Amino acid sequence: MAKRAGASAYRSSTRQSAGTDEIQLRIDPMQGDLDDEITGLRNKVRLLRAVAQEIETEAKFQNEFMNQLQMTVMKAQAGMKSNMRRLSRSVIKSGSNHILHVVLFALLCLFLVVLWSKISRR
């Protein structure tokens, strides 16, 4: 690839045609070749297109993955809701004695702590 030449590396001249408003512009490169510059730019455009296509492919893949994940979460939520309904019905049928058992256990533990503290003071 040719060296990048600044704006001062090119000489331009303008001519105005007699009797018309057209301006002709001619650019003569003093250093470097415009064809090499154009070829380099085309290669960069090709690379950018390839990168853009890779990004598009990755975005499509990620979008599909997110859709599948969302469907999986929705199915899991539906399953949890169904199981919660079954559990709720089961608790209602059994009379929900588990709260009574928890309270009795807490009272027993409190009684044992009080008894142990009285024995340890003696």
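Residues numbered from 1 in each chain as written. Predicted model: local features only at pLDDT ≥ 70, side-chain atom pairs only at ≥ 80, totals over all residues. Heavy atoms only, no water.

**Overview of the overall build of the chain**
From N to C terminus, the chain includes two helices and two strands. Out of the 122 residues in the chain, the part that is buried amounts to 2%. By sequence separation, contacts in the chain at least 24 residues apart represent 20% of the contacts at least 6 residues apart. Entry remark: accessible area of the chain is about 11,700 Å², with carbon and sulfur atoms responsible for 61%. (Helix = DSSP H or I, 4+ residues; strand = E, 2+ residues; numbered from the N terminus. Buried < 20%, exposed > 50% of the residue type's maximum accessible area, 1.4 Å probe, protein only. Contact = heavy atoms within 4.5 Å. Areas by Shrake-Rupley, 256 points an atom, 1.4 Å probe, with all protein chains shown as cover.)

**As for a positive patch on the surface**
On the surface, Lys81, Arg85, Arg86, Arg89 and Lys93 cluster together to form a positively charged patch. As for its position among the elements, Arg86 is in helix H1 (residues 34-94). (Patch = residues over 30% accessible without salt bridge, like charges linked within 9 Å, V, L, I, M, F, W, Y side chains within 5 Å. Salt bridge = Lys/Arg side-chain N within 4 Å of Asp/Glu carboxyl O. Lys, Arg positive; Asp, Glu negative; His and termini not counted. Charge placed at Lys NZ, Arg CZ, Asp CG, Glu CD.)

**A look at the pattern of salt bridges**
Under the counting rule described, the total for this entry stands at one salt bridge. Salt-bridge contacts for Glu56 lead to Lys60; the nearest nitrogen and oxygen are separated by 3.5 Å. Highlighted residues: Glu56 and Lys60, both in helix H1, separated by four residues, approximately one helical turn. Glu56 sits in the partly exposed class, given a relative accessible area of 44%.

**Quick word on helix H2 (residues 98-121)**
For H2, which comprises 24 residues, the first-to-last C-alpha distance of 35 Å matches the rise-based estimate of 34 Å (1.5 Å per residue) to within 8%. Here H2 lies mainly on the outside; zero of its 24 residues are buried. (Expected span 1.5 Å × (residues − 1).)

**Details of the confidence of the model for the chain**
Taken as a whole, the chain shows an average pLDDT of 80; of its residues, 75% reach a score of 70 or greater. Taken element by element, the predicted model of the chain shows its lowest mean pLDDT in strand S1 (residues 10-16) (51) and its highest in H1 (91). Throughout residues 1-5 the model reports pLDDT below 50, and contacts reaching past four residues in sequence, or to other chains, amount to seven contacts. (pLDDT = per-residue confidence, 0-100.)

**A short note on a nonpolar patch on the surface**
Together, Ile99, Leu100, Val103, Leu104, Leu107, Leu110 and Val114 line one region of the surface with nonpolar side chains, adding up to about 650 Å² of accessible area. Inspection of the secondary structure puts Leu104 in helix H2. Among the residues examined, Leu104 registers a relative accessible area of 49% and is labelled partly exposed.

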